[in-house]
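Here's the letter readout for the chains.
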Amino acid sequence: MAKRVMAVFGDDFFPKLGYGNPSEKRNMAFNNVHTFFRVFSPSLVYVIPTRGTSTYVTMLCHLMKIPYVLISPYPGFFDSLTATDKSILERSLQFAKTSIIMNEDKQEDHDKAWKESVRFLVNSCNQIVLIHSTNTSEEYSNLVNYIVDNCKKGKEIIDLSYDGGEDFFN
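Residues numbered from 1 in each chain as written. Predicted model: local features only at pLDDT ≥ 70, side-chain atom pairs only at ≥ 80, totals over all residues. Heavy atoms only, no water.

**Here we look at helix α3 (residues 83–95)**
And then number 1: Here α3 spans 19 Å end to end across 13 residues, near enough to the 18 Å set by a 1.5 Å rise per residue.
And then number 2: Every buried residue belonging to α3 is among D85, I88, L89 and S92, and all of these are buried. Looking down the long axis of α3, one finds its buried residues gathered within 100° of arc, a one-sided arrangement. Seen from the buried face of α3, the exposed residues on the opposite side, beyond 90 degrees, are A83, E90 and Q94. (Helix = DSSP H or I, 4+ residues; strand = E, 2+ residues; numbered from the N terminus. Expected span 1.5 Å × (residues − 1). Buried < 20%, exposed > 50% of the residue type's maximum accessible area, 1.4 Å probe, protein only. Arc of directions from axis to C-beta.)

**With respect to the packing of helix α2 (residues 53–64) against α3**
And then number 1: Following both chains from N to C, one finds α2 and α3 inclined at 40°, their axes separated by 9 Å at the closest point. Here α2 and α3 pass one another in a crossing that is left-handed. Side by side, α2 and α3 meet where T55, Y56, T58, M59 and H62 of the first sit next to T84, D85, I88, L89, S92 and F95 of the second. (Axes fitted to C-alpha atoms, helices over the stretch in contact; angles between N-to-C directions. Left-handed = near helix turned anticlockwise from the far one by under 90°. Contact = heavy atoms within 4.5 Å.)

**Thoughts on the environment of V33**
And then number 1: By the secondary structure assignment, V33 is in helix α1 (residues 23–40).
And then number 2: Note on V33: relative accessible area 4%, which makes it buried.
And then number 3: The spacing of V33 and L60 is 27 residues in sequence and 8.5 Å in space, taken between C-alpha atoms.
And then number 4: For V33, the contacting residues outside a window of four places in its chain are F14, L60, I131, L160 and Y162.

**Brief notes about the pairing of strand β1 (residues 5–10)**
And then number 1: In terms of burial, β1 is a largely internal element, six of the six residues being buried.
And then number 2: What you see with β1 is no split at all: V5, A7 and F9 on one side and M6, V8 and G10 on the other are buried throughout.
And then number 3: Where β1 lies against strand β2 (residues 44–47), four bridges are found, and the strand directions are parallel. Note on β2: the bridge partner recorded for M6 is V45. (Pairing = 2+ DSSP bridges.)

**Notes on the state of the cysteines**
And then number 1: In total, this model carries zero disulfides according to the counting rule given.
And then number 2: With no disulfide of its own, C61 lies 13 Å from the sulfur of C125, the closest cysteine sulfur. (Disulfide = S-S within 2.5 Å.)

**Focus: the packing of aromatic side chains**
And then number 1: One pass over the structure, following the stated rule, counts eight aromatic pairs.
And then number 2: Measuring from ring centre to ring centre gives 5.3 Å for F36 and F37, while their planes differ by 80°; the resulting arrangement is edge-to-face. Just as F36 is buried, F37 falls in that class too.
And then number 3: Three or more aromatic residues joined by ring pairs make a cluster, and in this case those are Y74, F77, F78 and W114. (Phe/Tyr/Trp six-rings, centres within 6.5 Å; stacked < 30°, edge-to-face > 60°.)

**Brief notes about α2**
And then number 1: Taking 1.5 Å per residue as the helical rise, α2 with its 12 residues ought to reach 16 Å, and the 16 Å between its terminal C-alpha atoms agrees with that figure.
And then number 2: All of the buried residues along α2 are T53, S54, T55, Y56, V57, T58, L60 and C61.
And then number 3: Check the buried side of α2 and you find it contacts β1, α1, β2, β3 (68–72), α3 and β5 (127–132).
And then number 4: With its phi angle positive at about 60°, K65 sits one or two positions after the end of α2.

That is the geometry; function is a separate question.
Quick look at the structure:
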């Protein structure tokens, strides 16, 4: 059986506790993502921990004992994370299989470094997982379009709306 190596991308809207989101909404989102990983059972996950969903994926991988690799496009990339996301990331770093800084030059064009990191993830896996809210941002939609446009044939793209719950079962 071929190993499932996944590149996971997520939007910034994963429901947080204490931000006006009911716990039911957060529980549904967490349960949908957890069920996805339990059903698909990846052998390795690559993730660029951005605000929200991607950071929570690192925590979930740790809890489910799924090996994961953290990717930083450039030094200082994580500086813009919220305090909650930074806390999760700090704990996740301890348990990651490895972490990679794609470009050591902090002065490098950040957009170029970001795109290089996305291409690296897409090329390092056989499945691309896009996890998002049903009402995601234009920025995330642009990322999805970039991934699809730069994805080599033979890659499976899996779309999961964490607040819809049924995308990956249809």
